[in-house]
Amino acid sequence: MAENSTITICLMAILFITRLASTLGKSRPWTGFLSPRLQTLHFARNLHLEPDAIKSVSSDYGNLVHENPAAVLYPSSIEDITSLIKFSYNNYTPFTVAARGHGHSVGGQAMASNGVVVDMMSLRHHKNGTGITVSKSPSLGFYADVGGEQLWIDVLRSTIEHGFAPVSWTDYLYLTVGGTLSNAGISGTTFRYGPQISNVYEMDVVTGKGEVVTCSSRSNSELFYAVLGGLGQFGIITRARIALEPAPKRVKWVRMLYSDFSAFTKDQELLISINGRKQKNALDYLEGSLLMVQGPPNNWRSSFFPSSDIPKIMSLVTQHAIIYCLEAAKYYDDETRQTVDKDLQQLFKGLSFVDGFMFEKDVSYVDFLNRVRSGEEKLHSQGLWDVPHPWLNLFLPKSRISDFNKGVFHDIVLKRNITTGVVLFYPMNRQKWDDKMSAVIPDEDVFYTVGFLHSSGFDDWQAYDQQNKDILKFCHQAGIEIKQYLPLHNSYKEWINHFGSKWRRFRERKAQFDPKMMLSPGQRIFNDI
């Protein structure tokens, strides 16, 4: 009897210990990919390994690449980020670290397989971040100090309260400052004001050694130029000082339709040739796009065309298969209200758009900049936002645009008849870019950006992906020296070709600022190729 009682007590004790261990394991699981010593550091409470946390950063807007990190850091301060990177750098076996903003990469660029993803958006909930502060100095004029985790929409809202705003934007404003500055940050404002990376005075950067460095064109300039357009390879941007100008109040927003590609591009290039920042007769924005039978004139980027004009627009599209849309905007305020229409008439005089196919809107400055938001909200409500996005973004030399039009737009895109999303096509001026920065563009005074912004189902994205590959193959075989924007390359050799003459300096900067190659492994430049 006593023996049975002893056995029962032992079994109960074993069961209790097993359940206790199981409970402890579920409350704070650990991973074999990271050193257990991480649990002892001050930021360990912000390091999460739960399945929900891992899942939240294992995919992105592209919804094509899925990779699990070992952990996710939700920093409450910049010190958390520096401590994490410094720990990895000093560890016998360093782990990789990727900064994630709003998750709008399309090819896994902000992922860190078996490493740590830093959720930069977490800093927005703490006072230890930089936030958004507007100031003035005698040398710079007005500027904004902005945390790398801040969204551009919030930068707009904060600065416009002071009557100022940045001048260079992306089409979509729900992107982080650190994210766009790590690429370039482009839109229809780029031809005149340059990309966003050309409008930064100063930054705070956490390097791959865990050091916080303040850099500018005059101080620690090598890091400054490396980080701008550097694809996250040299450091994590925690603060950027952004140039500001007086904010306009309203926008004259115009679209003109062309049936002839040469006329379309000639007019675009004429309009961007007037590009001085102080030239009052210059446009503030210029983009172009394609309209095709398989896609509606209005799309998620903006519902611009009046519904009453859709039938005649579609009739024109049906007649020509492809219609080219030139989109322009000029800002104005109370002082220029009386002259803005006259300025536009002078700018558009002699343009060769199809007669009767010029459309105009007058909208507020904020509504114009935030024009994509309503389309996003509509797609969210329909469950069509979180779908695969097999995008392809290219920079194309002006000298080869006619070859591209025939070989890609007509012989690939039109014949495949699967492209229903947005196709952008508009020029930029090379002089507005700084060649000391890491961003790569074609070596011609004028070049075009081409964006195939596809959305697809989960069962047919491969068709779009194959079309993207065929476009790249055509360019290679035709000798068109394109550069990818938001680049995705599959080999070390492809990356060397991508950077071209900048490759040696890019590699040297990597060795200087991230010698253990820990940062942004999802770009697959120095990792996993």
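Residues numbered from 1 in each chain as written. Predicted model: local features only at pLDDT ≥ 70, side-chain atom pairs only at ≥ 80, totals over all residues. Heavy atoms only, no water.

J.: Which residues make up the sheet that holds strand β2 (residues 71-73), and what are the values?
T.: Within the open sheet, the four strands sit side by side as β1-β2-β4-β3. Their pairing is mixed. Of all strands in the sheet, those bounded by a partner on one side alone are β1 (47-48) and β3 (97-100). (Pairing = 2+ DSSP bridges. Helix = DSSP H or I, 4+ residues; strand = E, 2+ residues; numbered from the N terminus.)

J.: How would you summarise the side chain of D514 if you had to cite specific residues and measurements?
T.: Within the secondary structure layout, D514 lies in the segment after α16 (503-513). For D514, a relative accessible area of 0% corresponds to the buried category. A polar side-chain atom of D514 sits 2.6 Å from a polar atom in the side chain of K510. Not counting the four nearest positions on each side in its chain, D514 is found in contact with G208, Q233, R509 and L519. (Buried < 20%, exposed > 50% of the residue type's maximum accessible area, 1.4 Å probe, protein only. Polar contact = N/O pair within 3.5 Å; in protein donor to acceptor, adjacent residues only side chain to side chain. Contact = heavy atoms within 4.5 Å.)

J.: Explain the pairing of strand β5 (residues 132-137) residue by residue, including any values.
T.: Each regular strand displays side chains that alternate between the two surfaces of the sheet. Where β5 and strand β6 (residues 141-147) come together, six bridges link them in antiparallel fashion. Paired with I132 across the bridge in β6 is V146. Count of turn residues in the β5/β6 antiparallel hairpin: three residues.

J.: Residues and numbers for helix α10 (residues 340-348), please.
T.: Residues of α10 that are buried: V340, L344, L347 and F348. The buried residues of α10 occupy one face: seen down the axis, they fall within an arc of 85°. For α10, exposure combined with an orientation more than 90 degrees from the buried face picks out K342, Q345 and Q346. The first or second residue beyond α10 is G350, which carries a positive phi of 85°. (Arc of directions from axis to C-beta.)

J.: Talk me through the confidence of the model for the protein; I want residue IDs and the actual numbers.
T.: Overall, the prediction assigns the protein a mean pLDDT of 92, with 93% of residues at 70 or greater. Overall, residues 5-28 carries pLDDT values under 50, and its contacts beyond four positions in sequence, including any with other chains, amount to six contacts. (pLDDT = per-residue confidence, 0-100.)

J.: So what about the sheet that holds strand β9 (residues 212-216)? Which residues, and what values?
T.: Strand pairing within a sheet occurs via backbone hydrogen bonds; the two strands may be parallel or antiparallel. As summarised here, the arrangement of the five strands in space is β5-β6-β10-β8-β9, forming an open sheet in which the pairing is antiparallel. The outermost strands of the open sheet, each flanked by one partner alone, are β5 and β9. Ignoring strand direction, the axes of neighbouring strands in this sheet form an average angle of 20°. Note that β6 and strand β10 (residues 235-243) share five bridges and pair antiparallel. Each residue of the ladder has a partner; that of Y143, found in β10, is A243. Seen against the sheet, helix α3 (residues 78-90) touches β8 (200-207), β9 and β10 and runs at an angle of roughly 50° to β8. (Axes fitted to C-alpha atoms, helices over the stretch in contact; angles between N-to-C directions.)

J.: Describe the pattern of salt bridges, naming the residues involved and giving the relevant values.
T.: For the structure shown, the criterion picks out 33 salt bridges. With a shortest N-O distance of 3.4 Å, K398 and E269 are connected by a salt bridge. Of the two residues, K398 is situated in the loop between β16 (392-397) and α13 (401-416) and E269 in helix α8 (residues 261-272); the sequence distance between them amounts to 129 residues. The class for K398 is partly exposed, based on a relative accessible area of 37%. Between D435 and R430 there is a salt bridge whose closest N-O contact spans 3.4 Å. (Salt bridge = Lys/Arg side-chain N within 4 Å of Asp/Glu carboxyl O.)

J.: So what about the side chain of K330? Which residues, and what values?
T.: Along the polypeptide, K330 turns up in strand β14 (residues 322-332). Despite its burial, K330 pairs with no opposite charge; the closest candidate is D284, at 4.5 Å N-O. Engagement of the side chain of K330 in a polar contact is seen with the backbone oxygen of A282, the distance being 2.7 Å. Those residues within four positions of K330 in sequence are excluded, and the remaining contacts are R250, V251, K252, K280, N281, A282, L283, D284, V340, D343 and L344. (Lys, Arg positive; Asp, Glu negative; His and termini not counted.)

J.: Please give an account of the environment of D341 that cites residues and values.
T.: By secondary structure assignment, the location of D341 is in helix α10. Spatially, the C-alpha atoms of D341 and V206 are 47 Å apart, while their sequence positions differ by 135 residues. Apart from the residues lying within four places of it in its own chain, the contact partners of D341 are K252 and E360.

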